[in-house]
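# Notes for the structure review
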Amino acid sequence: MSTSSHPGPPQPARSGPAVNAARAARCTEVLRDISEDIAVVADAFMQQTYGTTLPTTDLVDTVMVLRRLTDEAISAIVVRQRSQGEPLGHLAPALDLTVDRLRKKYVPGAVDHALATRRRPRRATTATRPPDDTHTPKNRLRHPRQRLACALSRMRLQAGVTQQTLARRMNVDPSYISRLLSGDRDLSWQHVKAIVDCCDGNADLIKPLWEVAAGVEPTGTDPARYLRTYLQALRYANGSPHDRAVIASSQHAITISDLRQALKGRTVPEWSVVSQLVTALQGLPDVALPLWRRARSSTETTTLRAEAFG
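Residues numbered from 1 in each chain as written. Predicted model: local features only at pLDDT ≥ 70, side-chain atom pairs only at ≥ 80, totals over all residues. Heavy atoms only, no water.

## Overview of the overall build of the chain
Counted only if it meets this: Under the DSSP-based scheme used, a helix requires at least four consecutive residues in state H or I and a strand at least two consecutive residues in state E, with every element numbered from the N terminus. To sort residues, take the accessible area from a 1.4 Å probe on protein chains only and compare it with the maximum for the residue type: under 20% means buried, over 50% means exposed, and anything in between is partly exposed. The contact definition used throughout considers only heavy atoms, calling two residues in contact when any of these lie within 4.5 Å.
Along the chain, the regular secondary structure elements total 15 helices and zero strands. The proportion of buried residues among the 310 residues of the chain is 42%. A fraction of 66% describes how many contacts in the chain between residues 6 or more apart in sequence connect residues 24 or more apart.

## Examining the packing of aromatic side chains
Each aromatic ring pair is specified by the distance between its two centres and by the angle formed by the two planes. Selection criterion: Paired rings are identified among Phe, Tyr and Trp, the last through its six-membered ring, by centres lying within 6.5 Å, and are further divided according to the angle between planes into stacked (under 30 degrees), edge-to-face (over 60) and tilted (the rest). The criterion is that NZ of a Lys, or CZ of an Arg, lies within 6 Å of the ring centre and within 35 degrees of the ring normal, and then a charge sits over that ring.
Following the criterion strictly, the structure yields two aromatic pairs and no others. Ring plane angle 45° and centroid distance 5.6 Å describe the contact between W189 and W210, whose orientation is recorded as tilted. With W189 in helix α9 (residues 189-198) and W210 in helix α10 (residues 203-214), this pair connects stretches of sequence that are 21 residues apart. In this structure W189 comes out as buried when scored by relative accessible area, which is 13%. The positively charged end of R294 is found above the aromatic ring belonging to Y226, 5.8 Å away from the centroid.

## Looking at the environment of A116
Tracing the sequence through the fold places A116 in helix α5 (residues 108-116). The exposure class assigned to A116 is exposed, which follows from its relative accessible area of 66%. A116 sits 89 residues away from C27 along the chain, and the two C-alpha atoms are 9.8 Å apart.

## Considerations on the packing of helix α6 (residues 144-159) against α10
Defined as follows: Comment: axis = line fitted to C-alpha atoms, over the contacting stretch for helices; angle = value between 0 and 180 degrees taken between N-to-C directions. Roughly parallel covers angles under 35 degrees, roughly antiparallel covers those over 145, roughly perpendicular covers 65 to 115, and oblique covers all other angles. Take the far helix as the reference: if the near one is turned anticlockwise from it by less than a right angle, the crossing is left-handed, and if turned clockwise, right-handed. Each residue gets one of three labels, nonpolar for Ala, Val, Leu, Ile, Met, Phe, Trp, Tyr, Cys and Pro, charged for Asp, Glu, Lys and Arg, and polar for the others, Gly among them.
At a minimum axis distance of 8 Å, the contact between α6 and α10 shows a crossing angle of 150°. Regarding the angle of α6 to α10, the classification is roughly antiparallel. When you trace α6 past α10, the crossing you get is left-handed. Contacts between α6 and α10 pair P144, R145, R147, L148, A151, L152 and M155 from the former with I206, L209, W210, V212 and A213 from the latter. Looking at side-chain class alone, the contact of α6 with α10 contains ten nonpolar, no polar and two charged residues.

## Some points on the pattern of salt bridges
Condition: Note on definitions: salt bridges are taken to be side-chain nitrogens of Lys or Arg within 4 Å of carboxyl oxygens of Asp or Glu.
The tally for this structure, following the rule as stated, stands at 14 salt bridges. A salt bridge links R26 to D112, with the shortest nitrogen-to-oxygen separation between them at 3.5 Å. Note that R26 is positioned in helix α1 (residues 21-50) and D112 in helix α5, a separation of 86 residues in sequence. Judged by its relative accessible area of 43%, R26 is partly exposed. With a shortest N-O distance of 3.0 Å, K193 and D197 are connected by a salt bridge.

## Looking at the state of the cysteines
This is how the line gets drawn: Here, two cysteine sulfur atoms that lie within 2.5 Å of each other are counted as a disulfide.
Going through the model one piece at a time under the given rule, you end up with zero disulfides. With no disulfide of its own, C199 has C198 as its nearest cysteine by sulfur position, at a separation of 6.4 Å.

## A short note on the confidence of the model for the chain
Which entries qualify depends on this criterion: pLDDT is defined as a per-residue confidence score from the predictor, taking values between 0 and 100.
Scored by pLDDT, the chain has a mean of 83; 83% of the residues are at 70 or more. Of all secondary-structure elements in the chain, the lowest mean pLDDT belongs to helix α15 (residues 285-308), at 74, while helix α11 (residues 223-237) reaches the highest, 96.

## What to know about unusual backbone geometry
A positive phi angle, close to 60°, is found at D96, a residue other than glycine. Secondary-structure assignment places D96 in the loop between α3 (92-95) and α4 (99-105). Classification of D96 as exposed rests on a relative accessible area of 68%.

## Looking at α6
To keep it simple, the criterion reads: Helix span is expected to be 1.5 Å times the residue number reduced by one.
Under the 1.5 Å per step criterion, the end-to-end length of α6 is 23 Å for 16 residues, consistent within 8% with the ideal 22 Å. For α6, the set of buried residues is P144, R145, Q146, R147, L148, A149, A151, L152, S153, M155 and R156.

## Thoughts on the packing of α6 against α9
Between α6 and α9, the least distance of the axes is 9 Å, while the angle of their chain directions is 25°. Overall, the two elements α6 and α9 adopt an arrangement that is roughly parallel. Handedness of the crossing formed by α6 with α9: left-handed. Contacts from L148, L152 and M155 in α6 reach V192, I195 and V196 in α9. Here the contact of α6 with α9 is built from residues that sort into six nonpolar, no polar and no charged.

Okay, here's the thing in structure tokens:
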């Protein structure tokens, strides 16, 4: 009688990467956040390079933020690839790393923790960052991002364009448009311009609202005109109230003459006028103060030059 044992059942073939749909979905959502962050920081970098000359160290700081964001995006992409059960070999050539190195460098658990605790950039690259950047109940609706969202929402409603139409033209999910227009997401200038163009709106009017919300350097060579445009944009975001309504909202702290000078005049009003007007238009005075100082300084410099020539 044979003593050899009967061969057991065949062993299953070694499976590929474990599929983790929940992790893959989390990575996709984080990638969307990172893409928004990259767009905002890249816009800030462009404004820095085209605007007023900044110290080289400021430019390096911005580039390093972009590098960090890129590294975070790569880690999310690699882990999503693994979590979807797809071979890392498809990514290895583009990333110039071996499959073994990708596995060791991007461990899913460690990447999960890093992405869950990542800090989104909060305009540290700007000289015009609002001093009060907190989302308290009192200030939330006055926050620059909310003012921008209100202006874009009003523009959409006036144009009769649905959120679904915007989403289709911008090739994004309708829920994403909803978050943009509610002020729950940072907007890149590309997205703002796309919304404005879809609604046949005035990009020049909206741009100061976006620049203040994104914390980038103001564009343009006329600071006084820029301040006027910003105030006009705040008024638009607030529903374009009539002069009397604005005066009433300021509790009559400003006059019709003050209002017209601030919005249409060639000179820059006193800070007390601008501060009261910004408050009446649901903005934050601390946010407008750097713009007023810049405008005031430019007009004083122009006056001195004119006097020098008699």
